[in-house]
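Here's the letter readout for the chains.
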Amino acid sequence: MAEVLKAEGLSKHFGGLVAVNQVSFQIKPNESVGIIGPNGSGKTTFFNLLTGLFPPTRGRIHFFGKDITDLAPNQRVLQGMVRTFQLVSVFNSLTVWENLVLSTLRFHQESLSEWGFLFSPANRESIRKSCFEAMKGVGLGKNWQTMTSELSYGSKRMLEIGIALSLRPKLLLLDEPMSGLSDLEIVEVLEILRRIKKDLTLIIIEHKLSKIVNLVERLCVMNEGVFICEGAPDQVLNDRAVRECYWGKGEVTLS
Ligand SMILES: Nc1ncnc2c1ncn2[C@@H]1O[C@H](COP(=O)(O)OP(=O)(O)O)[C@@H](O)[C@H]1O
Ligand SMILES: [Mg+2]
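Residues numbered from 1 in each chain as written. Chains lettered and ligands numbered in written order. Predicted model: local features only at pLDDT ≥ 70, side-chain atom pairs only at ≥ 80, totals over all residues. Heavy atoms only, no water.

> Would you mind going over the sheet that holds strand β5 (residues 66–67) with me for this structure?
In a beta sheet, neighbouring strands pair by backbone hydrogen bonds and run either parallel or antiparallel. An order of β2-β1-β4-β5 is seen for the 4 strands of this open sheet, with the pairing classed as antiparallel. Across the chains shown, the open sheet's two edge strands, defined by having one partner strand only, are β2 (17–27) and β5. Across 5 bridges, the pairing between strand β1 (residues 5–14) and strand β4 (residues 58–63) is antiparallel. Along β4, the bridge assignment pairs E8 with R60. (Pairing = 2+ DSSP bridges. Helix = DSSP H or I, 4+ residues; strand = E, 2+ residues; numbered from the N terminus.)

> Sorry if this is basic, but what is going on with the packing of aromatic side chains here?
The geometry of an aromatic ring pair is captured by the separation of the ring centres together with the interplanar angle, meaning the angle of the planes. This model, assessed by the stated rule, comprises 5 aromatic pairs. Relative to F46, the ring of F25 lies with its centre 5.7 Å away and its plane at 80 degrees, an arrangement referred to as edge-to-face. With F25 in strand β2 and F46 in helix α1 (residues 43–50), this pair connects stretches of sequence that are 21 residues apart. Ring geometry for F25 versus F227: centroids 6.1 Å apart, planes at 50 degrees, classification tilted. (Phe/Tyr/Trp six-rings, centres within 6.5 Å; stacked < 30°, edge-to-face > 60°.)

> Whenever I open this one, the domain arrangement of the protein confuses me. Can you help?
Often the size quoted for an interface is simply the accessible area lost on bringing the parts together. Domain boundaries in the protein define domain 1 (1–80 + 169–255) and domain 2 (94–168). Taken over both partners, the interface formed by domain 1 and domain 2 buries close to 1,500 Å², and the fraction arising from carbon and sulfur atoms is 68%. Summed over the shared surface of domain 1 and domain 2, the result is 0 salt bridges. Here domain 1 is connected to domain 2 by 6 residue pairs in polar contact (both at pLDDT 80 or more). Elements represented by at least two residues in the side of domain 1 that touches domain 2 include exactly α2 (73–78), β7 (171–175) and α7 (183–196). If one sorts the elements of the side of domain 1 that touches domain 2 by residue count, α7 sits on top with 6 residues. Across the side of domain 1 that touches domain 2, the residue classes break down as 10 nonpolar, 4 polar and 6 charged. (Domains from an automatic or database assignment. Buried area = accessible area lost by both parts, 1.4 Å probe. Salt bridge = Lys/Arg side-chain N within 4 Å of Asp/Glu carboxyl O. Polar contact = N/O pair within 3.5 Å; in protein donor to acceptor, adjacent residues only side chain to side chain. Nonpolar A, V, L, I, M, F, W, Y, C, P; charged D, E, K, R; others polar.)

> For this particular structure, what's the right way to read α1?
Owing to its 3.6 residues per turn, the α-helix brings residues three or four apart onto one side. In terms of residue burial, α1 counts as a mostly covered element, since 7 of its 8 residues are buried. If you check which residues of α1 are buried, you get K43, T45, F46, F47, N48, L49 and L50. Following α1 by one or two positions, G52 has its phi on the positive side, about 90 degrees. (Buried < 20%, exposed > 50% of the residue type's maximum accessible area, 1.4 Å probe, protein only.)

> Explain the site of ligand 1 to me, please; I cannot follow it from the model alone.
Around ligand 1 lies a shell formed by F14, L17, A19, P38, N39, G40, S41, G42, K43, T44, T45 and F54. Taking S41, its main chain carries an N or O atom lying 3.1 Å from an oxygen atom of ligand 1. Here an oxygen atom of ligand 1 sits 2.5 Å away from a polar atom, N or O, in the side chain of T45. Ranked by residues supplied to the shell around ligand 1, first place goes to α1 with 3 residues. (Near = heavy atom within 4 Å.)

> Can you walk me through the pattern of salt bridges in this structure?
In a structure, side chains of opposite charge can pair up when their charged atoms sit close to one another. In this structure the tally under the stated criterion is 9 salt bridges. Measuring nitrogen to oxygen at the nearest pair gives 3.1 Å for the salt bridge that ties R60 to D67. Taking relative accessible area as the criterion, R60 reaches 35% and is therefore assigned partly exposed. The exposure class assigned to D67 is partly exposed, which follows from its relative accessible area of 35%. K129 is paired through a salt bridge with E133; the nearest N and O atoms lie 3.8 Å apart. Here K129 pairs with E133, and both are found in helix α5 (residues 121–137), just 4 residues apart, close to one helical turn. Judged by its relative accessible area of 44%, K129 is partly exposed. Using a relative accessible area of 42% as the deciding quantity, one classes E133 as partly exposed. Salt bridges sharing partners connect three or more residues here, namely E31, R218 and E230.

Below, the structure is given as structure tokens:
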């Protein structure tokens, strides 16, 4: 089958800084890929290009064979490309359920106005069902009425992943979903990711290598805006250039 996502020669320049430098990347249906690399190597910028937050300086992006390079971020979400951010981004002043429903509605806004979506009970029911399933899927079923401000950082992260899932992604991009979490919370997130990856295509940026070597089928190592190595996790971890880049900078840990 064709690739879910195909990026060709993607670059992003910030003034004189080349954050992403002619990167090509593809992912097949149901594949799980980890992107690792030192701080500042361009991982988040690469996600920002894929998801449309920044226009690329150069290069094209295809999603299920269609050129989406010029598509707005919310249009990409509607087509099934959903991401989470490196820092948790949920509304503290809303309940768990409100966060889920409002986020889902926000992304469906265009279809709402174009198709009279709001007035259709079937579509309202479909959104409610997606939100409910996503909430249960991330273990927040019991907390649906809880104010988000009262959740632990770990639970907020779960909620954020829940919001992403409620949008029924075909491709899910997670930017360091385990950062800032306790060991116990990391185990919980990993359990959720293991479960959900069966039904979707996943790209995950992560610093804690040991956590994802058994989760993903392929690792891409980014350094100074380029992928310096790509392959099966075992093979990548034993690569000389990767080890030099890691332990040379002393930033990315295996633990
Ligand atoms: N909006 C921006 N404006 C200017 N420079 C940026 C911007 N976003 C990222 N950068 C720079 O691009 C480089 C890559 O950053 P980033 O993609 O966040 O790396 P990573 O996610 O791997 O830590 C860094 O040097 C960073 O300072
Ligand atoms: Mg980052």
